[in-house]
Amino acid sequence: MHIDKEVKELELAIDQIWDIATNKFGLDPFPVNFEIVPSSVMYEVGSYALPGRYSHWIFGKAYHRMKMMYDFGLSKIYEVVINSNPSYGFLLETNSPIQNKLVIAHVLGHVDFFKNNAYFSRTNRRMVDEAALHSRRMSEYEFTYGRKVVEEFLDAVLSIEEHVDPNFFIKRQELEKSKKPGENRRSKGRYDDLFSQDELGFIDADSRPDNEERRKKGQQVPEKDLVFFLMKNSTILEDWQRDVMSMLHQEMEYFIPQMQTKIMNEGWASIWHSRIMREMDLPTNDHLEFAELHASVVSPHKGQLNPYYLGYKIFEDIERRWDNPSSEDAEKFGRLGGEGREKMFEVRELDNDISFLRNYLTEQLCEELDLFVYELLDDEEWTVTEKKWERVRNQVVANMTNFGFPYIEVADGDYDDNRELYLKHKHEGVDLDVKYARKTVEYVHKLWGRQVHLETVLDGEPIVMHYDGKEHTED
């Protein structure tokens, strides 16, 4: 009886929150299906990032870490939201009613962002269904070739999964234009009839480098998308391995917009959950609980940036500056005042985190948020090394470039006329972790089948790392 009463209360709250979000504040989310789940399900969905995804030990590792932190009371996931149409919001059953109401409002902010931000415009909104099909195909490969074989291959591909092109849709369009009528895009799969032509993989069976002319013609370098390049040009991969790489590439394309807009997305959801909840007629005790929870979400974190807090403060500042422009802004930019809400929605539609921070993280905000750069000097003491706001802003932006991963590109797929792979690290002031780099190069060798070279800079000196399948060398 008690549970039924809480569920009915949440159903009424969803209708009320939806009405406030859409009619009063002008949000425009996809329809959302909410489900109340136990912590085990919540952390399973959180660790896999998509329900029904293929199995791999890295997801189990993430699950056990999250669950352990929850069991010991060190952290808690209040909600998980899936970017799809309709969207899915998962609510933790141990949340109090007011916590779940805040989470519902927060989810609607996320879903409005998913639907309207330009960087999500090419997102596959049926990715939940497609991930389930990927999982089924992966299970068939495990049955056919052995679970250990498939898992070891996944280890290699996942080691470079972040090295894809965020603008791959442009390359996809170019590939489509270059294809002849009736040309197959990849070897036929068992579930091809379930996909549109647009959603099928992007491997052209006739483009595999099985002779010298095709190999030379097919390798377009430099190429940032390492996963795509290896999948398309490696001479040692079997059809099922190319299909696995295609599936992982498609899933990574789905996650890229979320990686590009983490601060904006969380800030947007936070600012609207706070305003929606304030419009609800909450009893005093509930309002106090909401205020305490909201404060914990958008409070600064010691030693690191809290994306909820940073995004929330920047959106608030944008609204204030466009609602009440200074005389200088009014004269210089022609701001009329009262345009804060309109400007917020414009930024939500057009920007990603890098442009958001570069354009709207101001000197005043840097001072208010007490942002600074600190470094470990002489391996002894952490020291504040920069307080000038432009340099602090630029450092924050630099840390987000390429999602914080090293920028690696394929420079040559036929190095030394011996089908060796030559990679270049676009060094931007941060050295590679040598131990990590060597292990990754080993995985790349496993996918390429020939010697791999990686050009980088260590301690200010250019070096080239080599791996021939047996030992590492440098020069």
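Just so you know, these numbers come straight off a predicted model, no measurement behind them.

1. Section: the overall build of the protein
Phase 1 of the analysis: Broken down by element type, the protein carries 19 helices and 10 strands.
Phase 2 of the analysis: Here the protein holds 475 residues, and the buried ones make up 48% of them.
Phase 3 of the analysis: Sequence-distant contacts in the protein: of pairs separated by 6 or more residues, those separated by 24 or more amount to 69%.
Phase 4 of the analysis: With the model as given, the accessible surface of the protein reaches about 24700 Å², and the carbon-plus-sulfur share is 48%.

2. What about the confidence of the model for the protein?
Phase 1 of the analysis: Averaged over all residues, the pLDDT of the protein equals 85, while 85% of them reach at least 70.
Phase 2 of the analysis: Here residues 182–188 is a poorly scored stretch, pLDDT under 50, and it has 24 contacts once near neighbours within four places are set aside; other chains count.
Phase 3 of the analysis: This stretch, residues 194–215, has a pLDDT under 50; its non-local contacts, to residues over four places away or in other chains, come to 58 contacts.

3. Concerning the side chain of Thr22
Phase 1 of the analysis: When you line up the elements, Thr22 lands in helix 1 (residues 2–24).
Phase 2 of the analysis: Of the polar contacts made by the side chain of Thr22, one reaches the backbone oxygen of Trp18; its length is 2.7 Å.
Phase 3 of the analysis: Contacts of Thr22, omitting those with residues within four sequence positions, involve Leu27 and Pro29.

4. Describing the sheet that holds strand 7 (residues 420–425)
Phase 1 of the analysis: With mixed pairing, the 5 strands of this open sheet are ordered in space as 6-7-8-9-10. The outermost strands of the open sheet, each flanked by one partner alone, are strand 6 (408–415) and strand 10 (472–474). Here the strands of the sheet are splayed against their neighbours by 25° on average, with no regard to which way each runs.
Phase 2 of the analysis: Of the strand pairs in this sheet, strand 6 and strand 7 are connected by 5 bridges, and their pairing is antiparallel. Across the sheet, the residue bridging to Tyr415 is Glu420, located in strand 7.

5. Topic: the environment of Thr94
Phase 1 of the analysis: Within the fold, Thr94 resides in the loop between strand 3 (87–92) and helix 4 (97–116).
Phase 2 of the analysis: Under the relative-accessibility criterion, Thr94 is labelled partly exposed at 46%.
Phase 3 of the analysis: C-alpha of Thr94 to C-alpha of Ile36: the two residues are 58 residues apart in sequence and 9.2 Å apart in space.
Phase 4 of the analysis: Residues contacting Thr94, with those up to four places away along its chain left out, are Tyr70 and Lys76.

6. Quick word on the pairing of strand 2 (residues 79–82)
The side chains of a regular strand alternate, residue by residue, between the two faces of the sheet.
Phase 1 of the analysis: The side-chain alternation of strand 2 yields two buried faces, one formed by Glu79 and Val81 and the other by Val80 and Ile82.
Phase 2 of the analysis: For strand 2 and strand 3, the ladder comprises 4 bridges, and the chain directions are antiparallel. Bridge assignment links Val81 to a residue of strand 3, and that residue is Gly89.
Phase 3 of the analysis: In sequence, strand 2 turns back onto strand 3 through a hairpin of 4 residues.

7. Describing the packing of helix 13 (residues 307–323) against helix 16 (residues 353–360)
Phase 1 of the analysis: For the pair helix 13 and helix 16, interaxial distance at closest approach is 11 Å and the crossing angle is 50°. With respect to their mutual orientation, helix 13 and helix 16 come out oblique. The two elements helix 13 and helix 16 cross, and the hand of that crossing is left-handed. For the pair formed by helix 13 and helix 16, the contact residues are Leu310, Gly311, Ile314, Phe315, Asp317, Ile318, Arg321 and Trp322 on the first element and Phe356, Leu357 and Tyr360 on the second.
Phase 2 of the analysis: Looking at the contact of helix 13 with helix 16 residue by residue, the classes come out as 8 nonpolar, 1 polar and 2 charged.

8. Observations regarding the environment of Pro38
Phase 1 of the analysis: For Pro38, the position within the fold is in the loop between strand 1 (32–37) and helix 2 (39–48).
Phase 2 of the analysis: Pro38 gets classed as partly exposed once you look at its relative accessible area, which sits at 30%.
Phase 3 of the analysis: For the pair Pro38 and Glu93, spaced 55 residues apart in sequence, the C-alpha to C-alpha distance is 5.4 Å.
Phase 4 of the analysis: Residue contacts for Pro38: discarding those within four places in its chain leaves Leu92 and Glu93.

9. Some remarks on helix 5 (residues 127–145)
Phase 1 of the analysis: With 19 residues, helix 5 should cover 27 Å at 1.5 Å per step; its first-to-last C-alpha distance of 26 Å lies within 8% of that length.
Phase 2 of the analysis: Three or more residues of helix 5 are buried, namely Met127, Val128, Glu130, Ala131, Leu133, His134, Ser135, Arg137, Met138, Tyr141 and Glu142.
Phase 3 of the analysis: On its buried face, helix 5 is in contact with strand 2, helix 6 (147–158) and helix 10 (239–260).
Phase 4 of the analysis: Positive phi appears at Gly146, one or two residues downstream of helix 5, with a value of about 100°.

10. Re the pattern of salt bridges
Phase 1 of the analysis: Following the criterion strictly, the structure yields 17 salt bridges and no others.
Phase 2 of the analysis: Here Arg137 makes a salt bridge to Asp243, at a shortest N to O gap of 2.7 Å. With a gap of 106 residues between them, Arg137 in helix 5 and Asp243 in helix 10 connect regions that are remote in the sequence. This pair shows no difference in class: Arg137 is buried, exactly as Asp243 is.
Phase 3 of the analysis: The partner of Lys262 in a salt bridge is Glu266, with the nearest N and O atoms 3.3 Å apart. Here Glu266 and Lys262 lie together in helix 11 (residues 262–279), a separation of 4 residues that amounts to about one turn.
Phase 4 of the analysis: On the basis of relative accessible area, Lys262 is assigned to the partly exposed category, the value being 40%.
Phase 5 of the analysis: Each of Arg275, Glu319 and Arg341 takes part in salt bridges that share partners, so that together they form one network.

11. A look at the packing of aromatic side chains
Phase 1 of the analysis: A complete count under the given rule lists 19 aromatic pairs for this structure.
Phase 2 of the analysis: Ring geometry for Tyr254 against Phe255: centres 5.1 Å apart, planes inclined by 75°, an arrangement best described as edge-to-face.
Phase 3 of the analysis: Among the aromatic side chains, those forming a connected cluster through ring pairs are Phe25, Trp268, Trp272, Phe315, Trp322, Phe345, Phe356 and Tyr360.
Phase 4 of the analysis: Here the basic side chain of Lys224 rests over the ring of Tyr407, its NZ or CZ set 5.1 Å away from the ring centre.

12. Brief notes about the environment of Leu237
Phase 1 of the analysis: As for its position among the elements, Leu237 is in the loop between helix 9 (226–233) and helix 10.
Phase 2 of the analysis: Spatially, the C-alpha atoms of Leu237 and Leu447 are 7.1 Å apart, while their sequence positions differ by 210 residues.
Phase 3 of the analysis: Apart from the residues lying within four places of it in its own chain, the contact partners of Leu237 are Phe153, Leu230, Met231, Arg242, Met245 and Leu447.

Reading the values: rules and limits
Residues numbered from 1 in each chain as written. Predicted model: local features only at pLDDT ≥ 70, side-chain atom pairs only at ≥ 80, totals over all residues. Heavy atoms only, no water. Helix = DSSP H or I, 4+ residues; strand = E, 2+ residues; numbered from the N terminus. Buried < 20%, exposed > 50% of the residue type's maximum accessible area, 1.4 Å probe, protein only. Contact = heavy atoms within 4.5 Å. Areas by Shrake-Rupley, 256 points an atom, 1.4 Å probe, with all protein chains shown as cover. pLDDT = per-residue confidence, 0-100. Polar contact = N/O pair within 3.5 Å; in protein donor to acceptor, adjacent residues only side chain to side chain. Pairing = 2+ DSSP bridges. Axes fitted to C-alpha atoms, helices over the stretch in contact; angles between N-to-C directions. Parallel < 35°, antiparallel > 145°, perpendicular 65-115°, else oblique. Left-handed = near helix turned anticlockwise from the far one by under 90°. Nonpolar A, V, L, I, M, F, W, Y, C, P; charged D, E, K, R; others polar. Expected span 1.5 Å × (residues − 1). Salt bridge = Lys/Arg side-chain N within 4 Å of Asp/Glu carboxyl O. Phe/Tyr/Trp six-rings, centres within 6.5 Å; stacked < 30°, edge-to-face > 60°. Lys NZ or Arg CZ within 6 Å of the ring centre and 35° of its normal.

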